[in-house]
Amino acid sequence: MENKIVRETIVLCPDPRNRKKKPKRALAVLVEGPATEEQKNETSPKEDTPKETPTTQKREEREPQAKKQKSLTRVYPDAPTKPENTVKAKPHKVASSTLGKLEAQLKSGKFRWLNEKMYTGTSEDSSGMFNDDPGLFEAYHEGYREQVEKWPANPLTVITNWLKAKGSKSKRVVCADLGCGDGLLAYNLRNSNIEVHSFDLVSKASHIVSCDITKKVPLPSCSVDFVVISLALMGTNWIEILKEANRVLVPGGSLKIAEVTSRFQSDVHRFLHLLSALGFKAGKPNSSNTHFILIDATKEWSVEDDTRDRVPRDASSYLSPCVYKKR
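Please read all numbers here as calculations on a predicted model, not as lab measurements.

Student: Kindly report on the overall build of the chain, identifying the contributing residues and their values.
Tutor: Each helix and strand counted, the chain has 10 helices and 11 strands in total. In the chain, buried positions account for 36% of the 327 residues. Summarising the internal contacts of the chain: among those between residues at least 6 apart in sequence, 69% fall at separations of at least 24.

Student: Tell me about the pattern of salt bridges, and please be specific about residues and values.
Tutor: Going through the model one piece at a time under the given rule, you end up with 11 salt bridges. Note that lysine 204 is salt-bridged to glutamate 138, the shortest N-O span being 2.5 Å. One end of the pair, lysine 204, is in the loop between strand 6 (194–200) and strand 7 (208–210); the other, glutamate 138, is in helix 6 (residues 135–149), with 66 residues separating them in the sequence. A salt bridge links lysine 243 to glutamate 240, with the nearest nitrogen and oxygen atoms 3.5 Å apart. In this pair, lysine 243 and glutamate 240 are both assigned in helix 9 (residues 239–248), 3 residues apart and thus about one turn of the helix distant.

Student: Give me the packing of aromatic side chains: which residues, what numbers.
Tutor: On inspection of all chains with the given rule, the structure shows 7 aromatic pairs. Here the aromatic rings of phenylalanine 130 and phenylalanine 137 are separated by 5.2 Å at their centres, their planes lie at 90°, and the arrangement is edge-to-face. Accessibility assignment for this pair places phenylalanine 130 and phenylalanine 137 in one class, buried. Summarising the aromatic geometry, the rings of phenylalanine 264 and phenylalanine 271 are spaced 5.4 Å apart at their centres and angled 80° between planes, so their arrangement reads as edge-to-face. With respect to class, phenylalanine 264 is no different from phenylalanine 271; both count as buried. Here arginine 190 stacks its cationic end above the ring of tyrosine 187, 3.8 Å away from the centre of that ring.

Student: Residue-level account of the pairing of strand 11 (residues 292–299), with values.
Tutor: With 6 of 8 residues buried, strand 11 lies mostly within the body of the structure. Direction of pairing for strand 9 (residues 249–260) relative to strand 11: antiparallel, over a ladder of 7 bridges. The partner of valine 260 across the bridge, within strand 11, is phenylalanine 292. The pairing of strand 10 (residues 280–282) with strand 11 spans 3 bridges and is classified as antiparallel. Bridging from a neighbouring strand, alanine 282 pairs with alanine 297 of strand 11.

Student: Describe the pairing of strand 5 (residues 173–178), naming the residues involved and giving the relevant values.
Tutor: The buried fraction of strand 5 amounts to 6 of the 6 residues, a majority that puts the element mostly inside the structure. Of the pairings in the sheet, the one linking strand 5 to strand 6 comprises 6 bridges and is parallel in character. In the strand pairing of strand 6, valine 173 is matched with isoleucine 194.

Student: Go over the nonpolar core with me, naming the residues and quoting the values.
Tutor: In terms of nonpolar packing, the biggest core is built from 37 residues, with Leu178, Val227, Ile229, Leu242, Leu255, Phe271 and Leu275 touching the most fellow members. Mapped onto this core, the elements with two or more residues apiece are strand 5, strand 8 (224–230), helix 9, strand 9, helix 10 (269–277) and strand 11. Here this core gets 5 residues from one element, more than from any other, and that element is helix 9.

Student: Describe the sheet that holds strand 11, and please don't skip the residues or the numbers.
Tutor: Ordered in space as 7-6-5-8-9-11-10, the 7 strands form an open sheet in which the pairing is mixed. One side of each edge strand has no neighbouring strand; the edge strands of this open sheet are strand 7 and strand 10. The mean angle between the axes of side-by-side strands here comes to 25°, regardless of whether they run parallel or antiparallel. Against the sheet, helix 7 (residues 155–166) makes contact with strand 5, strand 6, strand 8, strand 9 and strand 11, and its axis sits at roughly 165° relative to strand 8, the strand it touches most.

Student: An account of helix 5 (residues 123–132) is needed here, citing residue identities and associated values.
Tutor: When we look at burial in helix 5, the residues that qualify are Ser123, Ser126, Met129 and Phe130. Considered in projection along helix 5, the buried side chains sweep an arc of 125° and stay on one side of the axis. Summarising the geometry of helix 5, the exposed residues directed more than 90 degrees from the buried face are Asn131 and Asp132.

What counts as what
- Residues numbered from 1 in each chain as written.
- Predicted model: local features only at pLDDT ≥ 70, side-chain atom pairs only at ≥ 80, totals over all residues.
- Heavy atoms only, no water.
- Helix = DSSP H or I, 4+ residues; strand = E, 2+ residues; numbered from the N terminus.
- Buried < 20%, exposed > 50% of the residue type's maximum accessible area, 1.4 Å probe, protein only.
- Contact = heavy atoms within 4.5 Å.
- Salt bridge = Lys/Arg side-chain N within 4 Å of Asp/Glu carboxyl O.
- Phe/Tyr/Trp six-rings, centres within 6.5 Å; stacked < 30°, edge-to-face > 60°.
- Lys NZ or Arg CZ within 6 Å of the ring centre and 35° of its normal.
- Pairing = 2+ DSSP bridges.
- Core = buried A, V, L, I, M, F, W, Y, C linked by side-chain atoms within 4.5 Å.
- Axes fitted to C-alpha atoms, helices over the stretch in contact; angles between N-to-C directions.
- Arc of directions from axis to C-beta.

This is the structure:
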């Protein structure tokens, strides 16, 4: 027996007598059974249409056709339902320029923190910190390079040119670079007649010797012609670096110092007196650069031979820590 399901749709219309009154809901009727001849001839369910009144005709002029009539169809629990459309939250995209600025701020903050640690602690504290995490040494020098690139001149470039001019053309001379960092001085002078020995807490290249330059540098006494200390008088025990420079220099050897201008606290003469107490004769400081001061000194006598302690007790305060301000 052929069955046919007939679904009756009820059309809701507003009450012409009261526009504010909601239309009454009607129930749809589902009939299941043999289809009659009349139903078979039907192509679509017929809908009851309300009689038009003057009131409804006026509303037709104001309201769109879609809002004029609404039809409801009875939905049964067993009938399949269409899932609701869900909108997935899109991941928040951050502009590449913003990410670059955040990364730069993090690097800058890390450099300031490392710089302060190295200046306000001892060389042993810095050595222990870098031994625990060797990556901090590279992070510090990466920040250091970014800072120096902003300066009008790089002190290492000035010292390189000075050494080339001072070096002898007839014989080979020896230079000790104390606190060499990346070891660029030796690289810049690789094709010259100047032999450079590079020392720092961490060795970043094969030609760099890892050691604490405040203690005994692995060089014999009176064995080098030049000693370079470029922005390396760090730690609270920085005076010991000057003592080592005096020890390894030959009599009459030259010491070249480059240091940040703000560290001298507008009184570089106290530092020059300290050099005199450590066996050096210092010349006039070169303060032509806005960011650093260059000092040339010559070894007059050996600190090792002097039994008297000529260093003032407050000498470590002659250089203030180089601490960068947060910007």
